[in-house]
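Commentary on secondary and tertiary structure
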Amino acid sequence: MEFYEVTLKGMKKILDDCKEETYSEIVGKCLAKWQSDKDVKCMLMEFSDNGRFRTFRFRPTDFSSVEQAFWTNQLFGGLVAMMIQLGGFILDGKTVGIDFIRSNFGRPTDVLTGCKCRSCGKFFTSALDIDKYISLPIIAKRIADGLENGSLDEEINIIMSVSAPEIEKERNRAKLRCINTNIIVAEEKPLICQSCGNKKIDLCKFLRSVKAPVFVPLNS
């Protein structure tokens, strides 16, 4: 399955770009086994509970910002999920087309994480929480576009540089929902309430409403 090979090459590119030589070599050897023997088990094994990727984490020094680190991690995770799903289909003797991939990978997240002041009841969320909320469908579409058009390397560069125009568009849409719900958007999750100064801050979640551009506070 061509999509499987392209996905492995995309994973290797990210590891190469981040100078993760040891892990890039692991993926490279599994890629060679696929090209020679159509072997997917070696790659699936590396991401199992006993595999060498079990404890893998990108180094913070690999990135110029927290923002870039987040989007690269999400992108790599998306490619890993794609590899595992495609590998399973191959083992089962099934093939999937791009329409199936677009319909079944990277569904939107309905829940935004944030926090609430225990004293005054003000709601807060952070820029990173908003990126977590919007990232899955953006990355899934970029991966699918890359698989379909043979441009996965280009799509990877766009996500890793956080230059995809839809990122800012979706951030603004999420922020509008926050404004409509009286959720304060901070650069970082506050340790003290920015409204009353209270230090007792509880984590909470907000559900995206399908009837209006607002969030519905949960467990508040």
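Bear in mind the structure is a predicted one, so any value in this text is a computation, not a measurement.

Right, let's get into the packing of aromatic side chains. Taken as a whole and judged by the stated rule, the model has 14 aromatic pairs. For the ring pair F56 and F76, a centre distance of 5.8 Å and an interplane angle of 55 degrees mean the geometry is tilted. Of this pair, F56 sits in the loop between helix 3 (41–46) and helix 4 (66–91) while F76 sits in helix 4; the two residues are 20 residues apart in sequence, bridging distant segments of the chain. Across the pair, exposure class does not vary: F56 and F76 are buried alike. Here the basic side chain of K38 rests over the ring of W34, its NZ or CZ set 5.0 Å away from the ring centre. The ring of F215 carries R177 above its face, with NZ or CZ at 5.9 Å from the centroid.

Enumeration according to the criterion identifies 19 salt bridges in this entry. Here E5 ties to K9 by a salt bridge, and the two come within 3.2 Å at their closest N and O atoms. Of the two residues, E5 and K9 both sit in helix 1 (residues 2–17), four residues apart, roughly one turn of that helix. Between R102 and E148 there is a salt bridge, and its shortest N-O distance comes to 2.7 Å.

Counting along an α-helix, one turn takes 3.6 residues, and residues three or four places apart therefore face a common direction. The end-to-end C-alpha separation of helix 2 (residues 21–37) is 24 Å, in line with the 24 Å expected for 17 residues at 1.5 Å each. For helix 2, every residue scored as buried is listed here: Y23, S24, I26, V27, C30, L31 and W34. End-on view of helix 2: buried residues confined to an arc of 155 degrees, all on one side of the axis. Relative to its buried face, helix 2 has exposed residues pointing more than 90 degrees away, namely E21, T22, K29, S36 and D37. Where helix 2 is buried, its residues contact helix 1, helix 3 and helix 4.

Take a probe with the size of a water molecule and roll it over the atoms, and the empty space left behind shows itself. Space inside the largest pocket adds up to approximately 510 Å³. Looking at the largest pocket, it is lined by 24 residues, and the ones nearest its centre are G78, G106, L136, I139 and A140. Taken together, the elements giving at least two residues each to the lining of the largest pocket come down to helix 4, helix 5 (98–104) and helix 6 (127–149). Counted by class, the lining of the largest pocket contains 14 nonpolar, six polar and four charged residues.

Strand order in the open sheet made by the five strands is 3-2-1-4-5, with mixed pairing throughout. Only two strands of the sheet have a single partner each, and these edge strands are strand 3 (183–186) and strand 5 (215–218). Going across the sheet, the axis of each strand differs from the next one's by a mean of 40 degrees, ignoring polarity. Of the strand pairs in this sheet, strand 4 (residues 201–208) and strand 5 are connected by four bridges, and their pairing is antiparallel. By the bridge assignment for strand 5, K205 is matched with L218. In this fold helix 8 (residues 165–180) packs onto strand 1 (111–117), strand 2 (123–126), strand 3, strand 4 and strand 5, with an angle of close to 135 degrees to the strand it touches most, strand 3.

Here helix 6 is 23 residues long and its end C-alpha atoms lie 32 Å apart, about the 33 Å a rise of 1.5 Å per residue gives. For helix 6, the principal kink sits at S135 and spans about 45 degrees; a proline, P137, occurs within the next four residues. Phi turns positive one or two residues past the end of helix 6, at G150, with a value near 70 degrees.

Among the nonpolar cores identified, the biggest contains 59 residues, and I14, W71, F76 and I101 are the most heavily contacted of them. Top contributing element to this core by residue count: helix 4, with eleven residues. Apart from residues no more than four positions distant in its own chain, I14 is found in contact with F58, T72, L75, F76, L79, I156 and M160.

Parameters at a glance
Residues numbered from 1 in each chain as written. Predicted model: local features only at pLDDT ≥ 70, side-chain atom pairs only at ≥ 80, totals over all residues. Heavy atoms only, no water. Phe/Tyr/Trp six-rings, centres within 6.5 Å; stacked < 30°, edge-to-face > 60°. Helix = DSSP H or I, 4+ residues; strand = E, 2+ residues; numbered from the N terminus. Buried < 20%, exposed > 50% of the residue type's maximum accessible area, 1.4 Å probe, protein only. Lys NZ or Arg CZ within 6 Å of the ring centre and 35° of its normal. Salt bridge = Lys/Arg side-chain N within 4 Å of Asp/Glu carboxyl O. Expected span 1.5 Å × (residues − 1). Arc of directions from axis to C-beta. Contact = heavy atoms within 4.5 Å. 1 Å grid on protein atoms, 1.4 Å probe; cavity = no way out; pocket = protein on both sides within 12 Å on 5 of 7 lines; lining within 4 Å. Points joined across faces, edges and corners; volume = space filled by probe spheres on them. Nonpolar A, V, L, I, M, F, W, Y, C, P; charged D, E, K, R; others polar. Pairing = 2+ DSSP bridges. Axes fitted to C-alpha atoms, helices over the stretch in contact; angles between N-to-C directions. Bend = angle between axes of the 7 residues up to and from the residue. Core = buried A, V, L, I, M, F, W, Y, C linked by side-chain atoms within 4.5 Å.

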